[in-house]
Amino acid sequence: MSTEQYDIIIIGSGAGGGTLALKLAPSGKRILILERGDYLPREKENWSPSDVFVDNRYVSRDTWYDSSGMPFQPGVHYFVGGATKMFGAAMFRLRQHDFIAHRTADGMTPDWPIRYEDLEPYYTQAEQLYHVHGQRGDDPTDPPASAPYPHPPVSHEPRIAEIADGLRRAGYTPSYAPCGVLLNEADRPSSRCIRCNTCDGYPCLVHAKADAEVIAVRPALAYPNVTLVRNAQVQRLETDASGRAVTRVIAQRNGQREEYAGSIVVVSCGAANSARLLLMSANEKHPQGLANGSDGVGRHYMFHNAIALVALSRRENPTVFQKTLTINDFYSGAPDCEFPLGNIQMIGKSQGPMFQEDAPKFAPGFALDQMARHAVDFWLTSEDLPLPQNRVTLNSRGEIQLHYEFTNVEPANRLRQKLQEMLAHMDMHPHLIPNTLYMGKHIPIAGVAHQSGTCRFGTDPATSVLDVNCKAHELDNLYVVDTSFFPSIGAVNPSLTAIANALRVGDHLLQRFA
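Here we summarise the structure given alongside this text.

Rules of the game
- For every chain, the first residue of its written sequence is number 1, and the numbers climb from 1 along that sequence.
- Local features in this predicted model are restricted to residues of pLDDT 70 or higher, and side-chain atom pairs are both shown and tallied only at a pLDDT of 80 or more, whereas totals for entire chains, interfaces and linings draw on every residue.
- The side-chain quantities take in all heavy atoms of the structure and omit both hydrogens and water.
- Here, a strand pair is defined by DSSP locating no fewer than two bridges between the strands.
- Only runs of H or I of at least four residues qualify as helices and only runs of E of at least two qualify as strands under DSSP, and these elements are numbered from the N terminus.
- Between N-to-C directions, angles cover 0 to 180 degrees, with each direction set by a line fitted to C-alpha atoms, over the stretch in contact for helices.
- Contacts are residue-level and defined by heavy atoms, with any inter-residue pair within 4.5 Å sufficient.
- Here the expected length of a helix is defined as 1.5 Å per residue gap, with one fewer gap than residues.
- Exposure is judged per residue with a 1.4 Å probe applied to protein chains only, and the accessible area is read against the type maximum: over 50% gives exposed, under 20% gives buried, and values in between give partly exposed.
- To obtain the arc, one takes the directions from the helix axis to the C-beta atoms.
- Here a polar contact means two N or O atoms within 3.5 Å. Within protein one must be a hydrogen donor candidate and the other an acceptor candidate, and residues neighboring in sequence count only if both atoms are side-chain atoms.

Right, let's get into the sheet that holds strand 15 (residues 325–327). Ordered by their spatial adjacency, six strands build an open sheet running 8-15-16-17-14-20, and the pairing between neighbours is antiparallel. Looking at the sheet topology across the chains shown, the edges are occupied by strand 8 (174–176) and strand 20 (428–434). Across the sheet, the axes of successive neighbouring strands diverge by a mean angle of 30°, strand direction being ignored. In this structure, strand 16 (residues 343–346) lies alongside strand 17 (residues 375–382), joined through four bridges in antiparallel fashion. When the sheet's bridge partners are listed, Q345 is paired in strand 17 with W379. Contacting strand 14 (305–313), strand 15, strand 16, strand 17 and strand 20, helix 9 (residues 409–422) crosses the sheet at an angle of about 150° to strand 17.

Shown next, in the form of structure tokens:
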């Protein structure tokens, strides 16, 4: 079997891998993107809440196992564009203090080997590339930025504007949520985005969400030196005799074994699957798994303490595109709590079928469609700690086993109480209903959209898997460029940080190629 040769092989086409491919495409280097999935089908079911949320039409059929060996279906999606095909396009920067060790309710977070200022130019590039809409200065926790947002904020619809006004009168500081969509409100007839109610958590039928397929992979493929191979699940990486270089990438495609070789190999499969691939690639020189001399591969798994909640407006909420408001007043703490609590943001407008499981026992007087008409939907995010025992391991069949214990639960509960206290100022009923269908899970650890931390970067090979450029300490040509590199997770969506870091690593690789 002949092994095809490339200058760089990127395994995964999401926020990390897809963005890196576009960054490197103009170099002329021969680039291969290997994606285990296919293009997400464009079909009317893209916009069906029953198909997307109730029937899990686009969720992978993977089975993972919890620490006791019980199987569960993780909320993961394998398509060109990776997890971004279904994300809510919330494009927050981590705050400055997120990069610095700080105390939380349950312990200290670690230092990052870089500071916010090192990543800031790439955050700006990421916002420009992914069409982020926002407004500097209205969020009190906003970190310094070297440029304005490239697009004005997505406007509030009337009911959301009323909520924002009510919160301001009560002394809170609601702000516009940064959002990556291809929207032109000044020229709506020509705008690709139509401000529909099936954005957050859905694939975009009109390709108007700034996902990695639309923004990065398709433009990268316009370069003749970039190749995408779909439906290719990488099984393992093989090294030379010294163990210092990856020499072959072994994939399964349409039931056939395929081999590829690249001068540089980049793993970008998502935190759990990137760890799995490295663990599956154990050999004589790397008996614990590739790049795992520190025993750090798979450890420090994080995915946020996140809660999707529905409040019920006393008046109907006819909002269509709801994800325009965020509240960070308690991001770093609160008057009654010295520890960070986290982020509150709005999510996509819920619809009747999404309440089938939860609504009756919490609000028995409301019919499902009536509830949906009155629903105002929130997403609460608190930081979880990168415990070494929270980790991805493999069972005897090479399948993912996820060991996870929850941390910093008290701040998440306090943040929920803060939202509860706001309801009267927003003219809401005193109900907060969990929306488990939005979370895409039936047990807590299956909601893996924000997974990170399994191959943390650092300066010490004894305590980290990757160096500051996201190259494996123990190999000369292996990089990991997805959310695996996070030493800590902060309390905002990780997508923009993954994109910014891919652009940063891209600059490093361009220098290496020079």
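Okay, back to it.
Right, let's get into helix 9. In a regular helix each residue adds 1.5 Å, so 14 residues correspond to 20 Å; helix 9 covers 20 Å between its end C-alpha atoms and thus fits that length. What helix 9 keeps buried is the set P411, A412, L415, K418, L419 and M422. Looking straight down helix 9, one finds its buried side chains confined to an arc of 115°; they lie on one side. The inward-facing, buried residues of helix 9 abut helix 4 (158–169), strand 14, strand 15, strand 16, strand 17 and strand 20.

Glancing now at the side chain of R195. Following the sequence through the fold, R195 ends up in the loop between strand 9 (179–180) and helix 5 (212–221). On the basis of relative accessibility, which here comes to 7%, the residue R195 falls in the buried class. Of the polar contacts made by the side chain of R195, one reaches the side chain of E185; its length is 3.0 Å. Within the structure, R195 has its side chain in polar contact with the backbone oxygen of F321 (distance 3.5 Å). The contacts of R195, once residues within four sequence positions are left out, are V154, S155, E157, L183, E185, R188, V320, F321 and T324.

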